[in-house]
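# An overview of the molecular structure
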4 protein chains.
Amino acid sequence: VEIGRGFYSRGWAFGTSGNFSVVVNPNPLRLAITATGIDKGSLAPQHILEINDTGRVLRGTGKPSNETLIHLAIVKLLGAGAVLHIHSVWSTLLSQAYASAGGVVLEGHEMLKGLAGVRSHDHREWLPIVKNSQDMSQLAAVVTRVLQENPGVHGILLQEHGLYTWGSTLADTKRHIEIFEFLMEVRVRSLPIERHEQSVQAL
Amino acid sequence: VEIGRGFYSRGWAFGTSGNFSVVVNPNPLRLAITATGIDKGSLAPQHILEINDTGRVLRGTGKPSNETLIHLAIVKLLGAGAVLHIHSVWSTLLSQAYASAGGVVLEGHEMLKGLAGVRSHDHREWLPIVKNSQDMSQLAAVVTRVLQENPGVHGILLQEHGLYTWGSTLADTKRHIEIFEFLMEVRVRSLPIERHEQSVQAL
Amino acid sequence: VEIGRGFYSRGWAFGTSGNFSVVVNPNPLRLAITATGIDKGSLAPQHILEINDTGRVLRGTGKPSNETLIHLAIVKLLGAGAVLHIHSVWSTLLSQAYASAGGVVLEGHEMLKGLAGVRSHDHREWLPIVKNSQDMSQLAAVVTRVLQENPGVHGILLQEHGLYTWGSTLADTKRHIEIFEFLMEVRVRSLPIERHEQSVQAL
Amino acid sequence: VEIGRGFYSRGWAFGTSGNFSVVVNPNPLRLAITATGIDKGSLAPQHILEINDTGRVLRGTGKPSNETLIHLAIVKLLGAGAVLHIHSVWSTLLSQAYASAGGVVLEGHEMLKGLAGVRSHDHREWLPIVKNSQDMSQLAAVVTRVLQENPGVHGILLQEHGLYTWGSTLADTKRHIEIFEFLMEVRVRSLPIERHEQSVQAL
């Protein structure tokens, strides 16, 4: 709840967008996940539901997030302890700018060390970009395939939709969101500066 | 009051700009609307007036918003339950950039699903842009005509003025504000990136 | 104090920059003004001094703002009830971009109606830009001359320094700060968009 | 703690980045420094450790910041009373844009007067840029050498990493952070505007 309100306050979860989950029990899988259609600026404990590994609600009232299948796919494939998904301006712009490349490289930044297991700024992080869809089974399958083909990535962008990231704990995952937001903002803001540098060099 | 203070805090209602209304009773129409000239950072319950369908004040002291006729026009034509109007930087920039086109297309974004009735990112939202005027009767008539000619739109931009949006409830309308703000910021920030992409492709 | 903290929170008064004054008594002139060197994020009542028309401290301990002479010049020439001065990013960028022109025109915006006496968006506001100086007597004299030569302006930019604005009351002057900040941000952000539009038209 | 939370709130210390130190006793040197891996949004007194001049923990539990050697190098060489280090978007962009020049000149701004000992906007501040490294002994040695070669500078950028600044007191150092953030944002945002001006002049 606190994390969700914080993201809303930063403009990362406008208009009921964004959804958040935490593994309550790994086996059998019990996942706490935000209900659908909630204004994250007034997120409260009663908006968090508990579901099983098929998405059935075990505790709480309401319908779990539309994107529950993606959360479950990530948790099952990667053994993640939490999954956070936001709709931010920078993730959207980045996913547009690099859509045709199928992803974007983030490299050379000290901030990369905030991603679990990364020990140096001299790291090359591939952030895959997946075409958006309203067919959640199909989208969850594509996400699974992309994660299988790109072992070790820390996040995935849905095109003109938003960022998914995960981690062992909720705190790790919140940190990943902040790291990616930073790196994505820098990458997008770098585009016109790179052009400036190229112009200066061309003189 | 809470929504108004939140918008002010985000810089969407600087300098007493912005005005907000909610239908209290549909028939006979009773509309709660912000008084004119109020600093939205210190908006309080006594700054909300109740008016009838001609704009006459029934409860509260003060003069209703200068733009009352536009609120009434939208409520009457569309049966909206609330109307929110803000002056944001992104709406202003967008209305300048696309003024000659008479509107701007917002499409392909997951965030479009935050607009009432939109079920897919694969939606093409037309956001009409209307020339600004100080003649409120004339402006209200133009807004009415543009809404009649563009059934199904969720908002309208007054050029170099700001955004109007509406909804069944106040919560829906607040969500529409956030959705449009997000989409407008993305659209404006995309302009130089699109040029960058075009340059890269031209190489 | 509340206004100062609000401006700090928006990043308009970083690093002890910014100074604020209010006329306590017009004749003989008694001006309440912020002391120099105060972090505006922790501005408190004891940081406000009362001075006379020559800048001598009548109440409170500390040294009044370095720019006291400019505040006094504006109050004396225009009969203002309050003067607010901030160092914002947008004012700095605008003062750089239009330095050679000696000022910048702000026009066509609904937000201009937030400036005292302006009744329509169809208004042409001239915002003079003055070269910065550390000689406060000389700078106050230049400000006085520019205000005499440009009757009716609502603010003045010191180049690569910041914005001065004033009003009948403190509330009016705070509103002017917000209006100018909005208009300056829009103007600076418009520069690359205008180039984009020109490029599109040139195709 | 208050400063750290404030920086986090401004987005200057995302994802456990940033580290902060204050001299508790100059001789023998006792330095209070943030522990490594702390979310600055929930920074609390127990996250501050006391270390000696070799980095050994004297009080508190946890491991001091990875960048302790850089803090110690700055304190020892310059006799600083505090050292603050943040990872901000603008510092990252600036360090990329001017990496090949080994630093960037910040000049002409009134805000420069917020740097200790600077009396006029007519000041030329050299902000050195140092290549990032994970070898902290080597990086501390490079920082020491660059500071020796550039007497009088108030800060240093680690490339694609962040800003270090220092001061006699914690308040002075916080002010330096704000001053540099302002100047760096202005410098980065000026790049496309300068190009615009050049284009206009070329017409």
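The text that follows walks through the structure, step by step, so that each part is easy to find. (Residues numbered from 1 in each chain as written. Chains lettered and ligands numbered in written order. Predicted model: local features only at pLDDT ≥ 70, side-chain atom pairs only at ≥ 80, totals over all residues. Heavy atoms only, no water.)

## Looking at the overall build of chain A
The following threshold applies: Secondary structure elements follow DSSP: runs of H or I of four or more residues count as helices, runs of E of two or more count as strands, with numbering from the N terminus. Our radius of gyration is a C-alpha quantity, and the globule rule it is checked against amounts to 2.2 Å times the number of residues to the power 0.38. Under the scheme applied here, a residue whose accessible area is under 20% of the maximum for its type counts as buried, over 50% as exposed, and between as partly exposed, the area being computed with a 1.4 Å probe on protein chains only. Two residues form a contact once any of their heavy atoms are found within 4.5 Å. Using a 1.4 Å probe, the Shrake-Rupley method yields the accessible areas, and only the shown protein chains count as cover for residues. Think of it this way: Lys and Arg go in the positive column, Asp and Glu in the negative one, and His and the chain ends go nowhere. Here the site of a charge means atom NZ of a Lys, CZ of an Arg, CG of an Asp or CD of a Glu.
Broken down by element type, chain A carries five helices and nine strands. Each helix and strand of chain A, ordered N terminal to C terminal, gives the series α-β-β-β-β-α-β-α-β-β-α-β-β-α. A compact globule built from 203 residues would reach a C-alpha radius of gyration of about 17 Å, and chain A, at 17 Å, matches this within 12%. Projected onto the principal axes, the alpha-carbon positions of chain A cover approximately 65 × 35 × 30 Å. When the 203 residues of chain A are sorted by exposure, 59% land in the buried category. Considering only intrachain contacts with a sequence separation of at least 6, the fraction spanning at least 24 residues in chain A is 60%. Of the accessible surface of chain A, which amounts to about 7,900 Å², a share of 50% is contributed by carbon and sulfur atoms. Taken together, the 18 basic and 18 acidic charged side chains of chain A have centroids lying 5 Å from each other.

## Overview of unusual backbone geometry
Note that the residue after Asn27(A), namely Pro28(A), is joined by a cis bond; omega there is 5°. Mapping Pro28(A) onto the fold places it in the loop between strand E1 (19-26) and strand E2 (29-34). Non-glycine residue Thr16(B) carries a positive phi angle of around 70°. Relative to the assigned elements, Thr16(B) resides in the loop between helix H1 (2-9) and strand E1 (19-26).

## Focus on the interface of chain B and chain A
The test is simple: Note on terms: buried area is the combined drop in 1.4 Å-probe accessible area of two parts once they are placed together, counting the loss on both. Salt bridge, as used here, is a side-chain nitrogen of Lys or Arg placed within 4 Å of a carboxyl oxygen of Asp or Glu. Two N or O atoms form a polar contact when they lie within 3.5 Å of each other; inside protein one atom must be a possible hydrogen donor and the other a possible acceptor, and for residues adjacent in sequence the pair counts only when both atoms belong to side chains. Gly is placed with the polar residues, together with every amino acid not listed as nonpolar (Ala, Val, Leu, Ile, Met, Phe, Trp, Tyr, Cys and Pro) or charged (Asp, Glu, Lys and Arg).
Residue-level contacts link 25 residues of chain B with 26 residues of chain A. For the pairing of chain B and chain A, the buried interface totals around 2,300 Å² over both sides, and the portion due to carbon and sulfur atoms is 55%. Remark: the boundary between chain B and chain A carries one salt bridge. Remark: the boundary between chain B and chain A carries 15 residue pairs in polar contact (both at pLDDT 80 or more). The element that contributes the greatest number of residues to the side of chain B that touches chain A is helix H5 (residues 170-202) of chain B, accounting for 14 residues. Here the side of chain B that touches chain A is composed, by residue class, of six nonpolar, seven polar and twelve charged.

## Side note on the interface of chain C and chain B
On the side of chain B, 26 residues touch chain C, which itself brings 25 residues to the contact. Summing both sides of the interface, chain C and chain B together bury roughly 2,300 Å²; the carbon and sulfur share of this comes to 56%. Across the chain C-chain B interface, the total number found is one salt bridge. Between Asp39(B) and Lys174(C) there is a salt bridge; the shortest N-O distance is 2.4 Å. Where chain C touches chain B, the interface holds 15 residue pairs in polar contact (both at pLDDT 80 or more).

## Comments concerning helix H4 (residues 136-149) of chain B
Residue and element names in this part refer to chain B. Which entries qualify depends on this criterion: A helix is expected to span 1.5 Å multiplied by its residue count minus one. By arc we mean the arc of the directions from the helix axis to the C-beta atoms, nothing more.
If you check H4, its first and last C-alpha atoms are 20 Å apart, about what 14 residues at 1.5 Å a residue would give, namely 20 Å. Burial in H4 covers these residues: Met 136, Leu 139, Ala 140, Val 142, Val 143, Val 146 and Leu 147. Considered in projection along H4, the buried side chains sweep an arc of 160° and stay on one side of the axis. Structural note: H4 exposes Gln 148 and Glu 149 on the side pointing more than 90 degrees away from its buried face. One side-chain oxygen of the residue at the start of H4 lies 3.2 Å from the amide nitrogen of Ser 137, identifying that residue as Asp 135.

## Examining the relation of the copies chain B and chain A
Counted only if it meets this: The fit set for superposing copies consists of C-alpha atoms from residues with pLDDT of at least 70 in both; the fit itself is least squares.
Superposing chain B onto chain A takes a rotation of 90° plus a shift of 0.0 Å along the axis, which leaves an RMSD of 0.0 Å. Taken together, the rotation angle and the small translation identify this as a four-fold axis. Measuring from the rotation axis to each C-alpha of chain B, the shortest distance belongs to Pro192(B), at 5.1 Å. Take the interface residues of chain B: only 8% of them recur as interface residues in chain A, which is what a contact between different surfaces looks like.

## Things to note about the packing of helix H2 (residues 68-78) of chain C against helix H4 (residues 136-149) of chain C
All names here are of chain C. Let me state the cut-off plainly: Each axis is a line fitted through C-alpha atoms, taken for helices only over the stretch in contact, and angles between the N-to-C directions span 0 to 180 degrees. By the definition adopted for this analysis, an angle is roughly parallel if under 35 degrees, roughly antiparallel if over 145, roughly perpendicular if from 65 to 115, and oblique otherwise. Two helices crossing with the near one rotated counterclockwise from the far one by less than a right angle form a left-handed crossing, whereas a clockwise rotation gives a right-handed crossing.
Between H2 and H4, the least distance of the axes is 9 Å, while the angle of their chain directions is 30°. The orientation of H2 relative to H4 falls into the category roughly parallel. In the packing of H2 onto H4, the handedness of the crossing is right-handed. On H4, the residues that touch Leu 69, Ile 70, Ala 73, Ile 74, Leu 77 and Leu 78 of H2 are Met 136, Ser 137, Leu 139, Ala 140, Val 143, Thr 144, Leu 147 and Gln 148. Residues that form the contact of H2 with H4 fall into these classes: eleven nonpolar, three polar and no charged.

## Overview of the pattern of salt bridges
Once the charged atoms of two side chains with opposite charge are near each other, the side chains can pair. This model, assessed by the stated rule, comprises 36 salt bridges over all chains. Connected via shared salt-bridge partners are Asp39(A), Lys174(B) and Glu178(B).

## Some thoughts on the sheet that holds E2(A)
Residues and elements named next belong to chain A. Selection criterion: Whether two strands pair depends on DSSP finding at least two bridges between them.
Taken in spatial order, the nine strands of this open sheet run E4-E3-E2-E1-E5-E9-E8-E7-E6, and their pairing is mixed. Each edge of the sheet is formed by a strand with only one pairing partner; in this case those strands are strand E4 (57-59) and strand E6 (103-107). Recorded for the sheet is a direction-independent mean angle of 25° between the axes of neighbouring strands. Here five bridges tie E1 to E2, and the two strands are oriented antiparallel to one another. Among the inter-strand pairings, Asn 25 is bridged to a residue of E2, identified as Arg 30.

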